[in-house]
Amino acid sequence: MAHSARTDCPELPDFFLLKRLARDQLIYLLEQLPGKKDLFIEADLMSPLDRIANVSTLKQHEVDKLYKVEYKPIVSTSDQLCFLIRPRIQTVKWICDVANADKATGRFRRYKIIFTPQKFYACDAVLEEQGIIGDVTTDEWSFYLLPLDDDIISLELPEFFRDNFLAGDQRWVRTAGSALHLLHSLYGPFSKVYGIGRCSKMAYESWREQVEEGEQKARQAEIGKVFLIDRDVDFVTPLCSQVVYEGLVDDIFKIKCACVEFGPDVTSSDKSIKVMLNSQDRVFNEIRNEHFSNVFGFLSQKARNLQTSYDKRRGMDIKQMKTFVSEELKGLKQEHRLLSLHIGACESIMKKKTKQDFQELLKTEHSLLEGFEIRESISFIEEHINRQVSMIESLRLLCLLSITENGLLPKDYRSLKAQYLQSYGVDHLLTFANLRQLGLLVEQQPGETLTVMESKVGKLVNDRTGGETGFLFNLLLITIFVSLRIRAGVPKSDEEYDLRVPRDMAYIFSGAYVPLSCKLIEQVLERDGWTGLEEVTRLLNGHEFAVTGYGADSKAKNDAQRIILVMFLGGCTFSEISALRFLGRERGCKFIVVTTAITNSSRLIEALLDNLV
Amino acid sequence: MAFITANWNPLGEAFYRSTELYEMCWNLRDGLRDCLVAAAPYGGPIALLREPVRRSPSSRPQLEIYSASGVAIASFPWKSGPVVQLGWTVSDELLCIQEDGSVLIYDLFGSFKRHFSMGQEVMQSQVLEAKVFHSPYGTGVAIVTASSRFTLATNIDDLKLRRLPEVPGNTWSAGEPTCWVVLTQDRQTKVLMSNGPELYILDTTSCTAVVPPGLGPQAGSIVHMSVSFSYKYLALFTDTGHMWTGSSHLCRRPKSQQPSVVLMWDRLLMVAGVSHDTIQFPLEDPCVLIGELDGVRIISSANQELLQEVPLVCQEIFKIASMAPGALLLEAHREYQKSSQKADEYLREIKEQSMLGEAVRQCVEAAGHEYDSNTQKSLLRAASFGKCFLTDFSPEAFVSTCRELRVLNAVRERGVGLPLTHTQLVYRQFYPLAIEVCRYLKIPDYQGVSRVLKHWASCKVQQKDLSDEAIARAVCVKVGDSPGVSYSHIAAKAYECGRPELAIKLLDFEARSGEQVPLLLKMKRSQLALSKAVESGDTDLVYTVVTYLKSEMNRGDFFMTLRNQPVALSLYRQFCKLQEQETLKDLYNQDDDHQELANYYVTASYREKRLESRLSLLQTAVDEYNKAKNEFSAKATEEEMRLLRFQRKLDDEKGAGLLGLSLQATMEALLALGLHKQAEQLYRDFRVPDKRFWWLKLKSLAEKEEWEELEKFSKSKKSPIGYLAFVEVCMKSNNKPEAKKYVSKVTPEQRVKAHLAVGDLEGAADAAIERKSDSELAAVLARCPASDRQLLDRLNRAAAAAAKK
């Protein structure tokens, strides 16, 4: 990326240790059930497990056959069954069914359930209720953190979002606290912890409790600061279409555990290929954070360079050729393969995204973010619903509209909802109830129109004059959900915004909007706390905190202080990660993103659907 | 120092010695005759009950408690029933087992703590004999009744009575045991009993006859048996005077181990080992024997002795003419003190064998085993002397032995009376001494001082003369936030003593709210327990409390309690959603949450297969939505019901397979089936927006390629979705000629797009130029191939003209 990156960014700590710890514990647990056994793995644990221990490792520890948990009667002939599952009641019930079916046929087997990352009391309650608590042994595999890349660590708990924010079920909070505790004990002590959101605060407290219970070892910190943020602090960012390459690939091809499956249309052959997307992939590493409009140009340049490298062969004598083949050729071939895959992916994306529909969709999104041509946007959404373009996309646009306009006018709210129900069925009444509960799609309360809000904010801004206001104004505008460049008198700058040389984090949304989550992080780090942001946090429902680390060395190594861990509770998007990487390069620091799961607009909305009970 | 071996007696290859521990401070008039005596192991206290068998109902025996050195601790008249057996628990509580099977527990200071019973059956048939035993699970009690049935409890703190099976039919003595012992092995507690010459092992399920190897029937009946402190060895004594020793598994013991047995007759004490030798000690007084880990304590009315095998290391050093390095070092040091050059000779001798390190080690170890402080001193001095000639000898063993001996000697003082470990010290309420000992021994705070403090606090809360307030304050001041002291533990003690208010006060000091919950539940402060659980952030704990409340309270109260705790409520709701749908309904009902109730019925309706039940559930949902004043949802649900009925009708009439589809999908399906009339009926009945219907019909007709119908439709009235849609839909079906028909009808604003859509560049260019629109010109330009110069020029000129304006 052509920008004025600082060259003094510190090195990231090595997270390989996390994988090793997880693998060792798993092996230990498997050995607790000696002899041959069949292993049943919960479907969404398959990929994470694969990153920790491959099939041959499992086989080495006497795992005979591997099955996916499918909630059906099983066919295994083994006398020992081991279940590797999330602590979900549904799965535990299924295991009870399996065991009870065996009992009914007089078959004796040994059952072991390994819960990961932890067991809940409710699981035991179910085992007891179904009368098989005496027949199974249970264990916990404290596999909290899966490093997806050098700077991304995931808890791989997509249900965190719905459970915590919609159902108000706080059982995962402690899990988040434990994850933080693990990081703290391996890479801490943290010198400063900031956070915003109710869940963040609770996770923080749970972590502190665990620190106090355990013994503390003095060690050299590798991570200096921590920022915790709840997903419900910023819903706008994950609802936007992603236009940075990595995010776009996620939106279209769905990245799973840093791995994507490119279909035949990308590979231009008749089979699909699974590709790991991380910093090991040199081609991907260079384009992942780029705005999509630059990617193609970059790739073709790369292709030309590659050709030149290949062309070097001509005019080589035999000896040179030999070195070329043994040293360079393999790398070139690898690069060649990746390059052609990404070019294929780009073409596929282009095909989809250059369609009229998508352009208009983006335009509408930007209009919503910038707060103009609202009526046109509403008709666009209406048409979108009427034509049944996409169940998820329509909801996404509705939510975006509601948030940016501080609620829908009662008339619009009703008619759009009615239209949606006609299109997709009345069962979505429940979906709407969910969206309303989360504040994603609400009716505007009288006296709280955007204009009223704006005047409030305006007054607030006028109260504070001086150097700070410029920024505060800016942030407040984002805070009331819109980057109101137009209304604030800043000329609309789409044409001027050079996406190749980004000025700020807004580049990840083509310059239309600075992601609020990242902006908050930037500001809090800059101010070393929340001072001056009181009004902003009030608008964001508060629960902010900033704590100076306990027992942390104030003269700690300078480098560690520039390694900042950002933990998203409820998921974060690739766009946000890209924005933070950009921020890191600008400020000479590095961000490590820890998230309960990687999310995007469709995952977010799908988590809130309630039509398929 | 030859006199050290004076009290050594050889037995086979080993030596035995008896050391006087104390001259007893007590003054017993009648000696130990006619007394029930129990002494706790590890140098613990001694309990004495005089004349347990009452001579007359009016006479009350005296129960006395002494320290091991005979210092009186407590004394009181026994007022309860006849006592069969006394015993001490591992935590120095006194157990008094009565004839009727009830067991009374007193603390070290003679105050009553609690009692329990060994069972109904025992009460009737009376306890014949009882034994108190110790195992890794705590202290247990075993009894045998007059009807020869054994009952045992492995841990009196977690009382589970187990009745052992009957000994199989024995005609001549009704199975009455001659003698018996309790064994703890393989994590099981068993009883070994003899009945004449026969030997049985009783465990929970079975009674097995056993024969110890090598003990023939000619040996006679077994009249005594004894098991070692570690439960590893067993000794049997028969009426013919034979003795059998072996492992308690009743197999021959391995040769290398040499247990020996102490036997006592009225006037004779005898030590018997493997060899045919014995050691005999005459006795003047009746005595009591107490088995210890490493010896036997012999208590008589006048003094107390420890009889033990001389530890190997002491043997090596003190054995006459021993040439062990330790012995030489001790000698060297003695000569050194006399300033004799012989010291050097001895030292050289050790060093030549390079055994100096070993010599020092031996001296240090032997000092640990010696009871006399002078012997300890000379050994330690010798060790310290030898250490000077070593460069890399780790002093740790030496230092810790010195420290430990210092402590052991201090507690062996007559006034304290010989507890051996610091925990035992604490139980005797010598708190300041205990704390000092902990600090001196450098025991980490959380293991040492904290434990002392915890024990102190637990005693403090039992002081009845102090107010709750005062005790709470005193405890808080002293305990502060010492690591490892749990306020909830102290509070539990207070509650046990019947001071719930104090318990709650103390719980407030507990920093971890999770710790407070179990006790609060026990105290039936469920509301408080729930809020503390919520505070702790541990959802498992919340859930535990919720389940507890659910079983304890009636449904109404339970729901009310939950209502005040949203966190607990949502947790329970989540559980109900998956496990107990009906409860969920009750929950919403209780809260008058009509909105959620309605949603619940909607959800339920989708699980229902039969249309009638589904409709009735939806009707309930409508009612609830109305109650919740959610007209929108009520109306939507009503419409859904109408739609369902409509679909059912059509399914019956035409077999259309519509049931359950959304309105849109229904119309789509109808159109696809050519049922235009019915589709239009829906369109009118459900007030479907024109736009939607037009889109739908447009797409449907195009898909079926009914172009004539489409054209008719386009002319039926002015299209609410414009005509660009027609163009695009036709193009999607790859029908350019049809698409072109509609281009002319498109509004001027969209005309450029329409032309472009059908690929008519000229037309697009004309329209754009006419409209003089920048962006539209640009759009056409972008699509214009470089080969078409003429068109490019035209467009560029127009663009320039538009820009000028």
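Here the structure is shown first, and the text comes after it.
Quantities reported herein were computed from a predicted structural model and do not represent experimental measurements.

So, how was this worked out
- Residues numbered from 1 in each chain as written.
- Chains lettered and ligands numbered in written order.
- Predicted model: local features only at pLDDT ≥ 70, side-chain atom pairs only at ≥ 80, totals over all residues.
- Heavy atoms only, no water.
- Helix = DSSP H or I, 4+ residues; strand = E, 2+ residues; numbered from the N terminus.
- Buried < 20%, exposed > 50% of the residue type's maximum accessible area, 1.4 Å probe, protein only.
- Axes fitted to C-alpha atoms, helices over the stretch in contact; angles between N-to-C directions.
- Left-handed = near helix turned anticlockwise from the far one by under 90°.
- Contact = heavy atoms within 4.5 Å.
- Nonpolar A, V, L, I, M, F, W, Y, C, P; charged D, E, K, R; others polar.
- Buried area = accessible area lost by both parts, 1.4 Å probe.
- Salt bridge = Lys/Arg side-chain N within 4 Å of Asp/Glu carboxyl O.
- Polar contact = N/O pair within 3.5 Å; in protein donor to acceptor, adjacent residues only side chain to side chain.
- Pairing = 2+ DSSP bridges.
- Disulfide = S-S within 2.5 Å.
- Arc of directions from axis to C-beta.
- Phe/Tyr/Trp six-rings, centres within 6.5 Å; stacked < 30°, edge-to-face > 60°.
- Lys NZ or Arg CZ within 6 Å of the ring centre and 35° of its normal.

*Asks:* Help me get a handle on the overall build of chain A, residues and values and all.
*Replies:* The helix and strand inventory of chain A stands at 26 helices and 14 strands. Looking at chain A as a whole, 58% of its 613 residues are labelled buried.

*Asks:* An account of the packing of helix H23 (residues 663–672) of chain B against helix H25 (residues 690–703) of chain B is needed here, citing residue identities and associated values.
*Replies:* All names here are of chain B. Running from N to C, H23 and H25 cross one another at 40°; their axes reach a closest spacing of 10 Å. For H23 against H25, the interelement crossing comes out right-handed. Across the interface between the two elements, Gln 664, Met 667, Glu 668, Leu 671 and Ala 672 from H23 touch Arg 692, Phe 693, Leu 696, Lys 697 and Ser 700 from H25. Of the residues assigned to the contact of H23 with H25, the class counts are five nonpolar, two polar and three charged.

*Asks:* An account of the interface of chain A and chain B is requested, with residue identities and associated values reported.
*Replies:* Taken residue by residue, the interface counts 42 residues in chain A and 40 residues in chain B. For the chain A and chain B pair, buried surface summed over both sides reaches about 3,600 Å², with 55% attributable to carbon and sulfur atoms. For the chain A face of the interface with chain B, the top three residues by lost area are A:Tyr121, A:Arg387 and A:Gln422, together amounting to 19%. For the pair chain A and chain B, the number of links is zero salt bridges. Applying the counting criterion to the chain A and chain B interface returns 16 residue pairs in polar contact (both at pLDDT 80 or more). Put simply, the parts of the chain that give the side of chain A that touches chain B at least two residues each are helix H4 (89–104), helix H5 (121–129), helix H7 (171–187), helix H8 (198–213), helix H15 (356–370), helix H16 (374–386), helix H18 (410–424) and helix H19 (428–437) of chain A. Residue classes in the side of chain A that touches chain B are distributed as 17 nonpolar, nine polar and 16 charged.

*Asks:* Any details on the sheet that holds strand E14 (residues 161–163) of chain B? Residues and values, ideally.
*Replies:* All names here are of chain B. Spatially, the four strands line up as an open sheet ordered E11-E12-E13-E14, and their pairing is antiparallel. Unpaired on one side and paired on the other, strand E11 (127–135) and E14 mark the two borders of the sheet. With direction set aside, neighbouring strand axes in the sheet form an average angle of 20°. Judged from the four bridges that link them, strand E12 (residues 138–145) and strand E13 (residues 150–153) form a sheet pairing that is antiparallel. When the bridges of E13 are listed, Ala 142 appears paired with Leu 152.

*Asks:* Give a detailed account of the state of the cysteines, specifying residues and quantitative values.
*Replies:* All names here are of chain A. In the structure shown here, the tally under the stated rule is zero disulfides over all chains. There is no disulfide at Cys 123, and the cysteine sulfur nearest it, in Cys 96, is 9.9 Å away. Left without a disulfide partner, Cys 259 is nearest to the cysteine sulfur of Cys 257, which lies 8.4 Å away.

*Asks:* Break down helix H31 (residues 774–783) of chain B for me, with residues and values.
*Replies:* Residue and element names in this part refer to chain B. Those residues of H31 lying buried are Glu 776, Leu 777 and Val 780. The buried residues of H31 occupy an angular sector of 100° when the element is viewed end-on, so they sit on one face. When the buried face of H31 is taken as reference, the exposed residues oriented beyond 90 degrees from it are Asp 774, Ser 775 and Ala 782.

*Asks:* Explain the pairing of strand E27 (residues 303–309) of chain B to me, using residue names and the numbers behind them.
*Replies:* All names here are of chain B. Most of E27 sits inside the fold, with five of its seven residues counted as buried. By the bridge criterion, four bridges tie strand E26 (residues 295–300) to E27 in an arrangement that is antiparallel. Residue pairing across strands places Ile 298 opposite Glu 305, the latter belonging to E27. In textbook terms, the turn of a hairpin is the stretch between consecutive antiparallel strands, and for E26 and E27 this stretch comprises two residues.

*Asks:* Could you give an account of the environment of B:Leu329, with specific residues and numbers?
*Replies:* Residues and elements named next belong to chain B. In this fold, Leu 329 is placed in helix H3 (residues 325–337). When the C-alpha atoms of Leu 329 and Ala 359 are compared, they prove to be 6.3 Å apart, with 30 residues separating the residues in sequence. When sequence neighbours within four positions are dropped, the list of residues in contact with Leu 329 reads Leu 347, Ile 350, Leu 356, Ala 359, Val 360, Cys 363, Ala 382, Ala 383, Phe 385 and Gly 386.

*Asks:* Before we move on, can you summarise the packing of aromatic side chains with the specific residues and values?
*Replies:* Taken as a whole and assessed by the stated rule, the structure comprises 34 aromatic pairs over all chains. With a centroid separation of 6.3 Å and 65° between ring planes, the pair formed by B:Trp694 and B:Phe726 is classed as edge-to-face. Taken as a pair, B:Trp694 in helix H25 and B:Phe726 in helix H27 (residues 724–732) lie far apart in primary sequence, 32 residues in all. For the pair B:Trp694 and B:Phe726, one class covers both residues: buried. The rings of A:Phe40, A:Tyr67, A:Tyr71, A:Phe83 and A:Trp94 are connected pair by pair, giving a single aromatic cluster. One Lys or Arg, A:Arg208, reaches over the ring of A:Trp207 and ends 5.2 Å from the middle of that ring.

*Asks:* Which residues make up the sheet that holds strand E1 (residues 8–11) of chain B, and what are the values?
*Replies:* All names here are of chain B. With antiparallel pairing, five strands are arranged side by side in an open sheet as E1-E2-E27-E26-E25. Edge positions in the open sheet fall to E1 and strand E25 (287–292), since each of these has one partner strand only. The average undirected angle you get between the axes of adjacent strands in this sheet is 25°.

In short, geometric facts, not functional conclusions.
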